Amino acid sequence: MIYRENTRNKDQLSILGFGCMRFPQKDGKIDEVRSTQMLKQAIDGGVNYLDTAWPYHAGQSEAFLGRFFKKTGLRNQIFLATKLPIWLCRNRNDFDKYINKQLVKLNTDYIDYYLMHMFTSYGNYKNLCDMGLKEYLKSIKDSGKAKNVGFSFHGEKSDFIKIVDDYDWDFCQIQYNILDINNQAGRDGLLHANKKGIPVIIMEPLRGGALANNIPQKVLDLIDKAGIKKTPVELFLSWVMNHKEATVVLSGMSHEDHIENNLEIASDIDGKIKEEEQVVIDEIIDVFVKSFKVPCTGCGYCIDCPKEIDIPRCFEVYNHISSGGFLGTLMQIGISGKTLNKARECIQCGKCEKHCPQSIDIINQLNIISSKWYIRLLFPITNWYMEKRGKKTYKK
Ligand code: SF4
Ligand code: SF4
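Now for a look at the structure at hand.

Calculation rules
- Residue positions within a chain follow its written sequence, with the count starting from 1.
- Chains and ligands are labelled sequentially in the order written, the chains with letters from A and the ligands with numbers from 1.
- Whole-chain, interface and lining totals are the exception, using all residues; otherwise, since this is a predicted model, local features are given only for residues with pLDDT of at least 70 and side-chain atom pairs are given and counted only at 80 or more.
- Where helices and strands are cited, they refer to DSSP runs of H or I of at least four residues and of E of at least two residues respectively, numbered from the N terminus.
- Exposed residues have 12 or fewer other C-beta atoms within 10 Å of their own C-beta, buried residues have 20 or more, and partly exposed residues fall in between, where C-beta atoms are placed from the backbone.
- Residues are treated as contacting if the C-beta atoms built from their backbones sit within 7 Å of each other.
- Whether two strands pair depends on DSSP finding at least two bridges between them.
- Consider the strands pointing away from the viewer: the crossover is right-handed when the path from the first strand over the helix to the second runs clockwise.
- Using the backbone to place each C-beta atom, any residue with that atom within 6 Å of a molecule or strand is considered near it.

Another point: the environment of Ile30. On the secondary structure map, Ile30 appears in strand β5 (residues 29-30). Judged by C-beta crowding, with 22 C-beta atoms within 10 Å, Ile30 ranks as buried. It is 37 Å that separates the C-alpha atoms of Ile30 and Ile228, two residues lying 198 residues apart in sequence. Non-local contacts of Ile30, meaning those with residues more than four positions away in its chain, are made with Phe23, Gln25, Ser35, His57, Gln60 and Phe64.

Here it is as C-alpha cells:
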C-alpha cells in the first residue's frame, strides 16, 4: 500500500480509501458478517481511511461502522471520514444535532475527517455560512469532535475555486476520473486546491462503475493493441492514483475481489502517469465521448455565452442522465437542475457553435434538453416546493 502524507497535519493516509456506501446486502440490509470480513481484509491490506455519510445504506452505514469498531477495537487504527447532511439542516442547531448523533452512531468521540456533504454551488455554501457554518466548524475543531473539516463537491469549477478560497479548509473531496478532467472541479480544481496545500480526496474514480462495467470492445482493443497488461479498471484507477495531487482515492468496494484487485493496484503506484498509458487513455476518452448523446469533451471553448449558459455542464449532466436510470436522473436534477434549466434561455445567437472543435449542434442540443420531461415536469414541482419553503425559485 502506498501512503500519502497530509501535508497539513502529517497524517499518513492510504492512497486507497474504502467508500462505505456499497457493502454487500442480505435481506435488504447490510450483510454485516461479510462486510466485517471485507473491512478487515482491506485494513489488513493497509487501508486506513474509511469514508461514510449520514445517508449511505439509508442511514445504516454509520451504525454498522460503529458496531464494527466496537467489535474489533480497530477505531484507533483508522482515519474515519463522515459528512454533515447539509440538506437536512435548517439552522445552526441542526449542525450540532447531526454531528452529535453521528458520534453516537459511529461509537466514537471524534471524527478524523468531517465533510460538509455535497456543496453544489457557491450560493449553496453561502446559505450555510449565513446559518453560522464558519463558527460551527471552529467549534467542532475546538471541542475535538472533528479533527479536520472539509467539504465534498459536485458543481461547477468556478464555484469550487470560490469555496476553496473562502475558508481555511483542512481538506476537500471532488469527483475525478478519466472522463471528468474538464468537468465539475476537474483537473484545474485539483491543482488549485493542491497549490494551496489542501489535501484532495478523490471520489468516483470509476465514475460510479461506468468505467468498470460494460466497457466497449473498442476500448479493450485499444488497451490490447498498446500492449498494456492491465484491465480497464487497473488502468483507470491507477491513472487517478498516479496524480500526486490526490491524497486518497475512494473506492466503494462491494465484493472481496474488488478489494483484492484494488489493493494490488494501490501497491504499484509511483506518482507518475506513463506516457504510453496517457496516449491510450486519450484515445479511450475519445471512444467514450463519441458514445455519449452529445460528444462534448468539456474543453470549454464555448463558455462565453451571452446568456451565461454553462454549455459543457449542461451536456455533462444530460449525458449522465441519458446513461443512468430514473434515480440517477433525479440525483442529477437535484445537483445540477438549475444549470440544466438555463438551457431554455438560449437566444440562438450561434456564438458558441463557431468555437466548438467537435462541431456540436449546440443550439439544437440545448433545445432537445429543454424539451425533456424532467425539465418540463420537475421544475414546476421543484418551484412549488421552493416557494413553499420561501426560497428563490428556478426561472419558469
Ligand atoms: S447560441 Fe445559445 S448557448 Fe450558444 S452562445 Fe448563443 S445564447 Fe449561448
Ligand atoms: S466547445 Fe464544444 S466540445 Fe467544447 S465544451 Fe463547448 S460544446 Fe463541448
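Most of strand β8 (residues 111-119) sits inside the fold, with eight of its nine residues counted as buried. Here four bridges tie strand β7 (residues 79-84) to β8, and the two strands are oriented parallel to one another. Bridge pairing in β8 places Thr82 opposite Tyr114. Crossover connection from β7 via helix α3 (residues 92-105) to parallel β8: handedness right-handed. Bridging between β8 and strand β9 (residues 146-153) involves six bridges; their strand directions are parallel. When the bridges of β9 are listed, Met116 appears paired with Phe151.

Where burial is concerned, most of strand β12 (residues 246-251) is hidden: six out of the six residues are buried. Both strand β3 (residues 16-19) and β12 contribute to a ladder of three bridges, which runs parallel. Pairing of Phe18 across the sheet is with Ser251, part of β12. With three bridges connecting them, strand β11 (residues 200-203) and β12 associate as parallel partners. Across the sheet, Val200 pairs through a bridge with Ala246, a residue of β12.

Turning our attention to the site of ligand 1. Within the structure, ligand 1 sits among 15 residues, and Cys305, Cys346, Cys349, Lys351 and Cys352 are positioned closest to it. The set of elements that each furnish at least two residues to the shell around ligand 1 consists of α14 (351-355) and α15 (362-370). With three residues, the single largest contributor to the shell around ligand 1 is α15.

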